[in-house]
Amino acid sequence: MLRIYLKQAWSLLKENPLVSGLSIAGTALAITAVMMIILVMQVRLAEYAPETERSRMLHIIATRSFMKSNDGNWNNGGMGKRVVRELFYNLKTPQEVSGYTRNTVSVSSVAKRTFTKYRATYTDERFWKIFDYTFLNGAPFTCEDNESGIRKAVISEKLARRLFGKTEVKGQRLLVNRTEYTVCGVVKDVPRTARYAYSDVWLPYNSSAAMETAANVYEGLVGPFNVVMLAHDTDDFTVIRAEVDKVTKQLNTNTSEYAVSFFNGPMTNLDLLVTNNSGFVNEIPYSNWVLQQGSFMFFLLLLPALNMIGITLANFRKRRAEIGVRKAFGASAGNVFRQVLDENLIITFIGGIFGLMFSIGVLLLTRDIFFPSGTEFNAEMLIRPETFLVTLLFIFLLNLLCAGIPAWRAGKYNIVKSLNNQE
């Protein structure tokens, strides 16, 4: 029966190309608007290199250091190296823990001395076990390199080509903020959408004195560092958060005047999406976020749906006699309702597929609005199975919104009036 309905719908589509075209265009615009929102979320949450384990990551990007005797004396920002090493390196539950800080630095080859600004990440050897970088040449710096403060650097493929004209540059020298470093590895370029993995150059944090916090400044608790943790499994998140609370209390008992806290504690990538990448919150407003996003997407679907309801009703007024004959031969209101939905589905489906393609195109054109300037996308970010599943979900929802009322009214048509083509 479904096959018959779809054939009939296709025939009607060809009979009224203008009306059908308007319906498809309205559907495409609605799906485009909704899928733009979904695609932006997907790029920020989907797993792709080098953030291939996003679902197992926890982040601490906000730290509060405060005086024990006076809560009004506090500092919000990053944590000091002391907190990274004494607190987070001692965690037992996570698979891996890394401390890092990011900054803008001037980089040049030793020979040219033409300095240009690049993104730098100061981190430890653990960082390379959390993120899945592809090394084109050399290897990452080691624990021994970081502990001894040896000035080694991992650079991106793009930076290697700009400085040296090739990627096989292990052992070459470069200047970072006019300090000489030796290249130990080159990694494949990282997309800017990989928020925590992206950089142009990666350096051992002990290689720079700027990473140190004086012991007399909040007892070394404040500083530029954030922490990323990789759990064995997402089921460990609750245990990790509890362990962080426990070791935080232990650290605070070993300080004299100041203490440290981490607001909401370790946050997932979804938590950070909901808070717009702000860690300075004590509670994740999931309910408000879901309500806002859901209401907005429903509104985007509802506007074209209201216009398309009128078109669908007009089409079925012309077919009253046909519906009357079907009901006279025993078709129930439910049969008629299903027929209307099924026939409208083909138009909604065509519009939905166009909408998905348009949304990808619009996102490519407007990427600088939603992501850092210069962001590039690849198929792994945008073309995913869940993308098509979400698109189908919204297609069926829009179909129900557009055809639901006409289908209900068609099912209620009086047989005699329908056969006489009367209201």
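Right above here is the structure, for reference.
A few points on the structure. What you are looking at is a predicted structure, and each value in this text was computed from that prediction instead of being measured.

## A short note on the overall build of the protein
Part 1: Helix and strand counts for the protein stand at 15 helices and 13 strands.
Part 2: Within the protein, counting contacts between residues at least 6 apart in sequence, those at least 24 apart form 76% of the total.
Part 3: As displayed, the protein offers around 20,200 Å² of accessible surface, 56% of which is attributable to carbon and sulfur atoms.

## Describing helix H6 (residues 157-164)
Part 1: For H6, the set of buried residues is Glu157, Leu159, Ala160 and Leu163. Buried residues of H6 fall within an arc of 160° about the axis and therefore sit on the same side.
Part 2: Just beyond H6, the residue with positive phi is glycine 165, at close to 80°.

## Focus on the packing of aromatic side chains
Part 1: Enumeration according to the criterion identifies 16 aromatic pairs in this entry.
Part 2: Of the aromatic side chains, those joined through ring pairs into one cluster are Tyr100, Phe127, Trp128, Phe131, Tyr133, Phe135, Phe141 and Trp202.
Part 3: Looking at arginine 64, its charged tip hangs above the ring of tryptophan 74, at a distance of 4.3 Å from the centre.
Part 4: Over the aromatic face of tyrosine 89 sits the side chain of arginine 126, whose NZ or CZ is 3.9 Å from the ring centroid.

## Digging into unusual backbone geometry
Part 1: Of note, the amide linkage connecting alanine 49 to proline 50 takes the cis form, showing an omega dihedral of 0°.
Part 2: We note that arginine 178 has phi near 65°; this positive angle belongs to a residue other than glycine.
Part 3: With respect to the helices, strands and loops of the structure, arginine 178 is situated in the loop between strand S8 (173-176) and strand S9 (179-187).
Part 4: Owing to a relative accessible area of 63%, arginine 178 belongs among the exposed residues under this scheme.

## A short note on the pattern of salt bridges
Think of it this way: side chains of opposite charge can pair up when their charged atoms draw near.
Part 1: Under the definition given, this model contains 13 salt bridges.
Part 2: For arginine 56, the salt bridge goes to glutamate 53, with nearest N and O atoms at 3.1 Å.
Part 3: What makes glutamate 53 partly exposed here is its relative accessible area of 26%.
Part 4: Where glutamate 180 meets arginine 173, a salt bridge forms, and the shortest distance between an N and an O atom there is 3.2 Å.
Part 5: Residue glutamate 180 is classed as partly exposed on the basis of its relative accessible area, which comes to 38%.
Part 6: Among the residues examined, arginine 173 registers a relative accessible area of 43% and is labelled partly exposed.
Part 7: In the salt-bridge network here, residues are joined through shared partners; they are Glu96, Glu125 and Arg126.

## With respect to the pairing of strand S7 (residues 152-156)
Part 1: The buried fraction of S7 amounts to four of the five residues, a majority that puts the element mostly inside the structure.
Part 2: Bridge count between S7 and S9: five bridges; the pairing is parallel. Its bridge partner being in S9, lysine 152 is matched across the sheet by threonine 182.

## Considerations on the environment of lysine 112
Part 1: Note that lysine 112 resides in the loop between strand S4 (96-109) and strand S5 (116-123).
Part 2: Taking the C-alpha atoms as reference points, lysine 112 and leucine 163, 51 residues apart in sequence, are found 8.5 Å from one another.
Part 3: Discounting residues that sit within four places of it in the chain, lysine 112 has contacts with Arg162 and Leu163.

## Considerations on the side chain of serine 156
Part 1: Within the secondary structure, serine 156 is located in strand S7.
Part 2: Judged by relative accessible area, which is 2%, serine 156 ranks as buried.
Part 3: Sequence-distant contacts of serine 156, that is, excluding residues within four places in its chain, are made with Val186, Val187, Asp189, Ser199, Asp200 and Trp202.

## A word on the environment of alanine 210
Part 1: As for its placement among the helices and strands, alanine 210 is situated in the loop between strand S10 (201-204) and strand S11 (222-223).
Part 2: Given the relative accessible area of 58%, alanine 210 is considered exposed.

## Examining helix H7 (residues 237-253)
For an α-helix the count is 3.6 residues per turn, leaving residues at separations of three or four pointing the same way.
Part 1: With 17 residues, H7 extends 25 Å from end C-alpha to end C-alpha; this agrees with the ideal 24 Å at 1.5 Å per step.
Part 2: Along H7, the residues that are buried comprise Phe237, Ile240, Glu243, Val244, Val247, Thr248, Leu251 and Asn252.
Part 3: The elements touched by buried residues of H7 are strand S1 (57-60), helix H3 (81-86), strand S12 (226-230) and strand S13 (258-261).

## Focus: a nonpolar patch on the surface
Part 1: A cluster of nonpolar side chains, namely Phe349, Ile353, Phe354, Met357, Phe358, Leu389, Leu392 and Phe396, defines an oily patch on the protein surface of about 750 Å² accessible area.
Part 2: With five residues, helix H11 (residues 333-365) is the single largest residue contributor to the nonpolar patch.
Part 3: Relative to the assigned elements, phenylalanine 349 resides in helix H11.

## A closer look at the side chain of threonine 268
Part 1: Turning to its location among the elements, threonine 268 is positioned in the loop between S13 and helix H8 (269-274).
Part 2: We classify threonine 268 as buried; its relative accessible area is 16%.
Part 3: When near neighbours in sequence (up to four residues on either side) are disregarded, threonine 268 contacts Met57, Leu58, Phe237, Arg241 and Tyr286.

About the cut-offs
Residues numbered from 1 in each chain as written. Predicted model: local features only at pLDDT ≥ 70, side-chain atom pairs only at ≥ 80, totals over all residues. Heavy atoms only, no water. Helix = DSSP H or I, 4+ residues; strand = E, 2+ residues; numbered from the N terminus. Contact = heavy atoms within 4.5 Å. Areas by Shrake-Rupley, 256 points an atom, 1.4 Å probe, with all protein chains shown as cover. Buried < 20%, exposed > 50% of the residue type's maximum accessible area, 1.4 Å probe, protein only. Arc of directions from axis to C-beta. Phe/Tyr/Trp six-rings, centres within 6.5 Å; stacked < 30°, edge-to-face > 60°. Lys NZ or Arg CZ within 6 Å of the ring centre and 35° of its normal. Salt bridge = Lys/Arg side-chain N within 4 Å of Asp/Glu carboxyl O. Pairing = 2+ DSSP bridges. Expected span 1.5 Å × (residues − 1). Patch = residues over 30% accessible without salt bridge, like charges linked within 9 Å, V, L, I, M, F, W, Y side chains within 5 Å.

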